[in-house]
Every structure is written in structure tokens, then in C-alpha cells.
Amino acid sequence: MSIPSTVLSRIGIPLLAALAGFGFAQALTPNPAAEELMMRLERQDARMEALARRLETQAASPPVAPSPRATVGMDLSALRGELRELLREELRTAIASVDDSPVLEKAPAPPPPPTPENVAAFEKVDRMVEDSLASGSWGRAQIQELRMLRRQMTDAQYMELVRKLLTAINSQQLRVEERGSPI
């Protein structure tokens, strides 16, 4: 099947002309990214010229006194020796003041004896843990009761019960029925 040349000339030539026109338009249209890049370069150039002018004016201004670091002829070894001597004197003074004052070591105060309220709360929770061990489950009611009685126990009593409870849970003697923390 061949394409008649008249159809090809009617469609092909205008199509070719349109493509060529589009190509020329693209080539001659300035690229916005290139324009922005040129503007940025011009701004950078202006900044560099301003910096160069500032440097020229600073070079023409009278010189400022040199910094201590730039001082020529400074005897660093003598300075280090003086500094070492000052430090030795300060250390002697500090050690002498520490030796003169007796060191008072504060022994931690023993915790106060448990009150009857502490003992009652501890016994109630301990009994609850023992009952839960017998039944094999630890539920919402036990968790709430433990949390409520926590304020009435000493830290040592609470830690003893928590240790007992967590040991039973870890050894699978006690099954936690509630999601979240068992204590």
C-alpha cells in the first residue's frame, strides 16, 4: 500500500514547516532560568566590587595597633614560667585550706520505721498478691488496689511487693489479664 504523493505533499510540507517554526521559536526565546542566573551573577559581581572598594578604603586608613598575638619579641618561655608559678601557689593555697577543715561525711539517715498505716497497707497488698498467686491471675481490680495503696506504703515495702509480683509474672506463675503495666 503506497501513499499518494499529493497527500504526502499536502500534509508533510505543512507539518515540516510547523516543526521548523516551533524549533526556531524555542531557540530564539530566552530561557527564564538563564535570565535568573545572569541576574544572580550580576548581583554577585556588584557585591564583590563593593567588597573590593571597602578593602581599598581600609588599606588606605591608618594602621591599627597589632594584636597581642602579633607582637614580635614576646618571651613566651618566661610567660609560661610565671603562669606555672602562679598555678603552683594557687594549688598550695587550695590544698592548705582543704587540709585545715575537717571533712564531715554525712552518713545516710536510716529510713523511719514504718507506721501502722504502712504495715496495714503492705499486709493488705501482700495478701492480695498471695491470693492472686493461688488463682494464677492478676487483673484490673488488683492493679487498681495496688495503685491506691501505693501512697500508704514506704518505698522499701512497695519495692518488695513489686519484686515479688514481677518475679511471679516472669516465671509465669501469674498471668496478667489487663493490658499495660501490671503495677
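In what follows, the accompanying structure is described.

Criteria and cut-off values
Counting of residues starts from 1 at the beginning of each chain's written sequence and follows it residue by residue. Confidence filtering applies because this is a predicted model: local features only for residues at pLDDT of at least 70, side-chain atom pairs given and counted only at 80 or more, and all residues used for totals across whole chains, interfaces and linings. Side-chain measures here rest on the full set of heavy atoms in the structure, leaving out hydrogens and waters. For the purposes of this entry, the term helix denotes a DSSP run of H or I that reaches at least four residues, the term strand denotes a run of E that reaches at least two, and both are numbered from the N terminus. The buried label applies to any residue whose accessible area, calculated with a 1.4 Å probe on protein chains only, is under 20% of its type's maximum; exposed applies above 50%, and partly exposed to all values in between. Note on definitions: a residue-residue contact is assigned when non-hydrogen atoms from the two residues lie within 4.5 Å. Buried Ala, Val, Leu, Ile, Met, Phe, Trp, Tyr and Cys residues that are joined via side-chain atoms within 4.5 Å together make up what is termed a nonpolar core. Expected span, for any helix, means 1.5 Å times one less than how many residues it has. By construction, the arc corresponds to the directions joining the helix axis to the C-beta atoms. In this description, a line fitted to the C-alpha atoms serves as the axis of each element, helices being fitted only across the stretch in contact, and the angle between N-to-C directions of two axes falls anywhere from 0 to 180 degrees. An angle below 35 degrees is read as roughly parallel, one above 145 as roughly antiparallel, one from 65 to 115 as roughly perpendicular, and any other as oblique. Amino acids are sorted into nonpolar (Ala, Val, Leu, Ile, Met, Phe, Trp, Tyr, Cys and Pro), charged (Asp, Glu, Lys and Arg) and polar (every other residue, Gly among them).

## Topic: the overall build of the protein
Right, on to step 1. Looking only at helices and strands, one finds six helices and two strands in the protein.
Right, on to step 2. Shown N-terminal to C-terminal, the secondary structure of the protein runs as helices and strands in the order α-α-α-α-β-α-α-β.
Right, on to step 3. Out of the 183 residues belonging to the protein, those deemed buried represent 14%.
Right, on to step 4. Residue pairs in contact within the protein that sit at least 24 positions apart in sequence constitute 66% of those at least 6 positions apart.

## Structural notes on the nonpolar core
Right, on to step 1. In terms of nonpolar packing, the biggest core is built from 17 residues, with Val125, Trp138, Leu146, Met153, Leu165 and Leu174 touching the most fellow members.
Right, on to step 2. Elements that contribute at least two residues to this core include exactly helix H4 (116–135), helix H5 (140–150) and helix H6 (155–170).
Right, on to step 3. At six residues, H6 tops the list of elements feeding residues into this core.
Right, on to step 4. Sequence-distant contacts of Val125, that is, excluding residues within four places in its chain, are made with Leu146, Leu149, Met153 and Leu161.

## Side note on H6
Right, on to step 1. Given a rise of 1.5 Å per residue, 16 residues ought to cover 22 Å, and the 22 Å separating the end C-alpha atoms of H6 matches this to within 8%.
Right, on to step 2. Where H6 is buried, its residues contact H4, strand S1 (137–138), H5 and strand S2 (175–176).
Right, on to step 3. In the stretch just after H6, Gln172 is the one whose phi turns positive, near 65°.

## As for H4
Right, on to step 1. Helix length check: H4, at 20 residues, gives a terminal C-alpha distance of 29 Å against a target of 28 Å (1.5 Å per residue), a fit within 8%.
Right, on to step 2. Every buried residue of H4 is listed here: Asn118, Ala121, Phe122, Val125, Met128, Val129 and Ser132. Each buried residue of H4 lies within a common arc of 125° when the element is viewed along its axis, so the set occupies one face. In H4, the exposed positions that point more than 90 degrees away from the buried face belong to Pro116, Arg127, Asp131, Ala134 and Ser135.
Right, on to step 3. Its buried side turned inward, H4 meets S1, H5 and H6.
Right, on to step 4. One or two residues past the end of H4 sits Gly136, with phi positive at roughly 85°.

## Concerning the packing of H4 against H6
Right, on to step 1. One way to put it is that H4 packs onto H6 with a least axis distance of 10 Å and a crossing angle of 5°. Considering their axes alone, H4 and H6 lie roughly parallel with respect to each other. Contacts between H4 and H6 involve Asn118, Val119, Phe122, Val125, Asp126, Val129, Glu130 and Leu133 on the former and, on the latter, Gln157, Glu160, Leu161, Lys164 and Ala168.
Right, on to step 2. Here the residues of the contact of H4 with H6 are counted per class, giving seven nonpolar, two polar and four charged.

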